[in-house]
Amino acid sequence: MRSDSHLIFVSHTDVKDPGSWSGIPHNIFAGLSHHFAEISLISPVEDRTGKYRQQARLTRLINKFSGRIPPPPAGWYQYNPQLQRESARKVKALARPDSVVFGIFPDLLVDVPESIPWGFFSDATFASLKELYFSEKVMDPVVAHHGNRSWRAAARKASFAAFASTWARDSMVEDFGMDEAKATALPMGANLIPPSAYDLEEVLGDREKGPCRLLWIGSDWERKQGNLVLEVARECSRKLEREIRLDMVGAKPPERIEAEGFQFFHHGRLNLREHRKELCELFEQANYFIMPSKAECFGIVYAEAAAFGCPSFAIETGGVKDAVIHGQTGYLFTSGAFMEQTVEKIVDLEASPMAYEQLCHSGRDRYWSSFNWDCFNEQLAGLIKSAARSVPD
């Protein structure tokens, strides 16, 4: 049922672009459109003067020699007080007594007047992102100051905060002091999903034929550990009588691959707009999806593997624990033992077809129950509506 409340949707990226930030703002905006009769959009929020982008380029050049973190352009202007004030001004101009504000990240909302209820969604907090990706580097002092200021303000002022994982939600409570009752974990949905006629039983029958297919997808070869997946393929080829095939999508290996004892195919960089059919076929045909990322805030690609009933193998880091449900949609192992434990589990599953089928079905069930955008947006809409109702007349 649509709410009569007026929703003001704020995003620093263009919500109409399905390729922006893994399609997350696009999917949330599209979903919330079914829950609110009237939505005013403030997107994208950009540094029109170019002042802060120029300063960011200069800072990155300095950081190259100082060892500090180069602030990404989006991350830089999100923490720009001038843009925060401008966003607050735009919200105030659109606001009515029945308005409620929702943002992708809280950074552009911290100066919104306290009389207007607002909340946000993020896959990480400023503190958890820094610890996960940049723990061994020194944070740029300007970014650090404004970033921490923004998140502390959000913890005090926001009516609610939704996060992709319990890892990020807990950081909001522990690192920034937000009331536990206001912070919620909402796992994200899959962007790539099977067609409506997808028959997992038929797919499982086809997977039994031919080689055992392993799939890796990653834009960053080092962080998502493409070399480790190659080692898994080599070891599987030694321990299984069945032929092994490894399909890799995305980042190009830094050197020529010696595919000893297994088939190897690198498909280059594929995107959802132009290569949806090919990506669907790769997930459908894969027996196992393997992406041992060193750092991941969630990992929508694990939810996509579950949608196709393809078990995932991952390292327990960041918010991955909420994207790969151990024993239900796949398996989580520690970094040091990943190769050995993954190979051992694959050998066990290959020897027990019933256990493999049950794992595939439980992954698909998880997709239907939580790893889809309809479920996500229904819960998010409930949080937004509750925030709107909490404002006294």
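Quick summary incoming for the structure in this document.

Reading the values: the criteria
Residues numbered from 1 in each chain as written. Predicted model: local features only at pLDDT ≥ 70, side-chain atom pairs only at ≥ 80, totals over all residues. Heavy atoms only, no water. Helix = DSSP H or I, 4+ residues; strand = E, 2+ residues; numbered from the N terminus. Buried < 20%, exposed > 50% of the residue type's maximum accessible area, 1.4 Å probe, protein only. Contact = heavy atoms within 4.5 Å. Core = buried A, V, L, I, M, F, W, Y, C linked by side-chain atoms within 4.5 Å. Arc of directions from axis to C-beta. Pairing = 2+ DSSP bridges.

### Here's the deal with the environment of His26
Residue placement: His26 occurs in helix H1 (residues 24–32). Residue classification places His26 among the partly exposed positions, given a relative accessible area of 26%. With 15 residues separating them in the primary sequence, His26 and Ser11 have C-alpha atoms 9.9 Å apart.

### Digging into the side chain of Ser87
Along the chain, Ser87 turns up in helix H4 (residues 81–94). Apart from residues no more than four positions distant in its own chain, Ser87 is found in contact with Val45 and Leu108.

### Description of the environment of Leu246
Within the secondary structure, Leu246 is located in strand E8 (residues 244–250). Spatially, the C-alpha atoms of Leu246 and Arg213 are 5.9 Å apart, while their sequence positions differ by 33 residues. Here Leu246 is in contact with Leu214, Val229, Leu230, Ala233, Phe262, Gln263, Phe264 and Phe265, once residues within four sequence places are set aside.

### Describing the nonpolar core
If you look at the biggest cluster of nonpolar residues, it comprises 91 residues, and the most contacted ones within it are Ile28, Leu32, Phe102, Leu214, Phe289 and Leu380. Core analysis: the second largest hydrophobic core is formed by 29 residues, Trp118, Val143, Ala158 and Phe163 among them.

### Focus: helix H5 (residues 126–134)
Residues three or four positions apart in an α-helix share a direction because the helix packs 3.6 residues into each turn. Among all positions in H5, only Phe126, Ser128 and Leu132 are buried. All buried residues of H5 fall inside an arc of 160° around its axis, so they share one side. Each element contacted by the buried residues of H5 is listed here: helix H6 (141–157) and helix H7 (166–176).

### Details of the pairing of strand E3 (residues 99–104)
Burial analysis of E3 places six of its six residues in the buried class, the great majority of the element. Side chains of E3 alternate between two faces, with Ser99, Val101 and Gly103 and Val100, Phe102 and Ile104 buried alike. Across four bridges, the pairing between E3 and strand E4 (residues 118–122) is parallel. Across the sheet, Phe102 pairs through a bridge with Gly119, a residue of E4.

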